[in-house]
Amino acid sequence: MQNKLTAGTATWAAMTLLLASPLLWADEDISKINGSIRVESGRQVGSVETVNGSIHLGDSVRADNVETVSGSIDIGHDSTVGDIDTVNGDVTLDRNTKADSVEVVNGRVRMDEQAEVRGNVTSVNGRIALAKGARVGGHIETVNGGIELEGASIGDGIKTTNGDIEIGAGSRVDGGIHVEKQDFNFFGSKRKPKITIGPNAVVNGTLKFEREVELRISDSATVGKIVGAQPIKE
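For the structure given in this document, a descriptive report is provided here. Bear in mind that the values here come from a model prediction, so they are computed numbers and not experimental data.

Calculation notes
- Residues numbered from 1 in each chain as written.
- Predicted model: local features only at pLDDT ≥ 70, side-chain atom pairs only at ≥ 80, totals over all residues.
- Heavy atoms only, no water.
- Helix = DSSP H or I, 4+ residues; strand = E, 2+ residues; numbered from the N terminus.
- Contact = heavy atoms within 4.5 Å.
- Areas by Shrake-Rupley, 256 points an atom, 1.4 Å probe, with all protein chains shown as cover.
- Patch = residues over 30% accessible without salt bridge, like charges linked within 9 Å, V, L, I, M, F, W, Y side chains within 5 Å.
- Salt bridge = Lys/Arg side-chain N within 4 Å of Asp/Glu carboxyl O.
- Buried < 20%, exposed > 50% of the residue type's maximum accessible area, 1.4 Å probe, protein only.
- Pairing = 2+ DSSP bridges.
- Lys, Arg positive; Asp, Glu negative; His and termini not counted.
- Charge placed at Lys NZ, Arg CZ, Asp CG, Glu CD.
- Core = buried A, V, L, I, M, F, W, Y, C linked by side-chain atoms within 4.5 Å.

1. Topic: the overall build of the protein
- For the protein, the helix and strand inventory stands at 1 helix and 29 strands.
- Taking the contacts inside the protein whose residues are at least 6 apart along the sequence as the reference set, 12% of them involve residues at least 24 apart.
- On the protein, roughly 12,200 Å² of surface is accessible, and the fraction owed to carbon and sulfur atoms is 50%.

Written out as structure tokens, the structure reads:
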């Protein structure tokens, strides 16, 4: 009898510890309609979603997709997440953060040092900036936002319509550059986009310009075929 009680007590204690363990709830989804969401550093969660509110993930967090409609998204360093989406708000990926993709409609995207997006980074109305060592495996695309690379790399090209592009020293772009023609069914900008390719930067692939631009290329940069623009050497 005593052995049975001892075994039963041990089993109950083990179950109690398991239920109390945060690992049991490690992959829970976090969802709100109105209100911001904060996920503490070191946690592992499922999807993180809100409609009206910002989202902040601490350092070393693992999460699935992160999404809001009206609010910014801030991902702490050394975190790993799935797709990141917001309509009205900025997105910041701290150093060494990894994500599958980033999509913004009205907002800026900032990738700090060594941050990585395996897929694409897109913003309709907002600047995209990559710090030293940051990498995008897919393409970067904007309509009305500038693009800035500071010693960063892109795996599948850059595309914009009205935005300036600055490919800083030591940056690398595979897949070329494409500045699209404006759709004059809408109110477009009449200014010429400025495209700057800095010292020791590399752009592999065609640089295709369907509208007038100001193209400046450093003498030490390496670029592919240029279509639709006359470069100014610096």
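Read on for the rest.
2. Some points on a nonpolar patch on the surface
- A contiguous nonpolar patch, built from Ile33, Val51, Val69, Val87, Val105, Val124 and Val143 and spanning about 460 Å² of accessible area, is present on the exposed surface.
- Along the polypeptide, Val87 turns up in strand β7 (residues 83-88).
- A relative accessible area of 32% places Val87 in the partly exposed class.

3. What to know about the sheet that holds strand β17 (residues 147-149)
- The strand order β2-β4-β6-β8-β11-β14-β17-β20-β23-β26-β29 describes an open sheet built from 11 strands, whose pairing is parallel. A strand with exactly one partner marks an edge of an open sheet, and here the two such strands are β2 (37-39) and β29 (232-233).
- Sheet topology places strand β6 (residues 73-75) next to strand β8 (residues 91-93); 3 bridges connect them, and they run parallel. Considered in β8, the bridge of Ile73 is made with Val91.

4. Observations concerning the pairing of β7
- Summarising the sheet, strand β5 (residues 66-70) and β7 pair through 4 bridges and their orientation is parallel. Looking across to β7, one finds that Ser70 is bridged to Asn88.

5. Thoughts on a negative patch on the surface
- A cluster of acidic residues, Asp27, Asp29, Glu49, Asp64 and Glu67, forms a negative patch on the protein surface.
- Within the secondary structure layout, Asp27 lies in the loop between α1 (2-20) and β1 (30-31).
- You can call Asp27 exposed: its relative accessible area is 52%.

6. A short note on the pairing of β5
- The sheet contact formed by strand β3 (residues 48-52) and β5 spans 4 bridges and is parallel. Counterpart to Thr50 in the pairing with β5 is Thr68.

7. Digging into the nonpolar core
- Ranked by size, the top nonpolar core spans 50 residues in total, and within it Ile84, Met111, Ile158 and Ile177 carry the most contacts.
- Excluding its chain neighbours within four sequence positions, the residues that come into contact with Ile158 are Ile140, Ile147, Leu149, Ile165, Ile167, Val173, Gly176, Ile177 and His178.

8. Some thoughts on unusual backbone geometry
- A positive phi is found at Asn96, a non-glycine position, where the angle reads about 65°.
- Examined against the element boundaries, Asn96 turns out to sit in the loop between β8 and β9 (98-99).
- We classify Asn96 as partly exposed; its relative accessible area is 31%.
- Located in the positive-phi region is Gln114, a residue other than glycine, with phi close to 65°.
- Counting through the fold element by element, Gln114 comes out in the loop between β11 (109-111) and β12 (116-117).
- Given a relative accessible area of 44%, Gln114 falls into the partly exposed group.

9. Digging into the environment of Ala131
- Locating Ala131 in the fold gives a position in the loop between β14 (128-130) and β15 (135-136).
- Given a relative accessible area of 5%, Ala131 falls into the buried group.
- What Ala131 contacts, discounting residues up to four positions off in sequence, is Arg110, Met111, Asp112, Glu113, Glu150 and Ala152.

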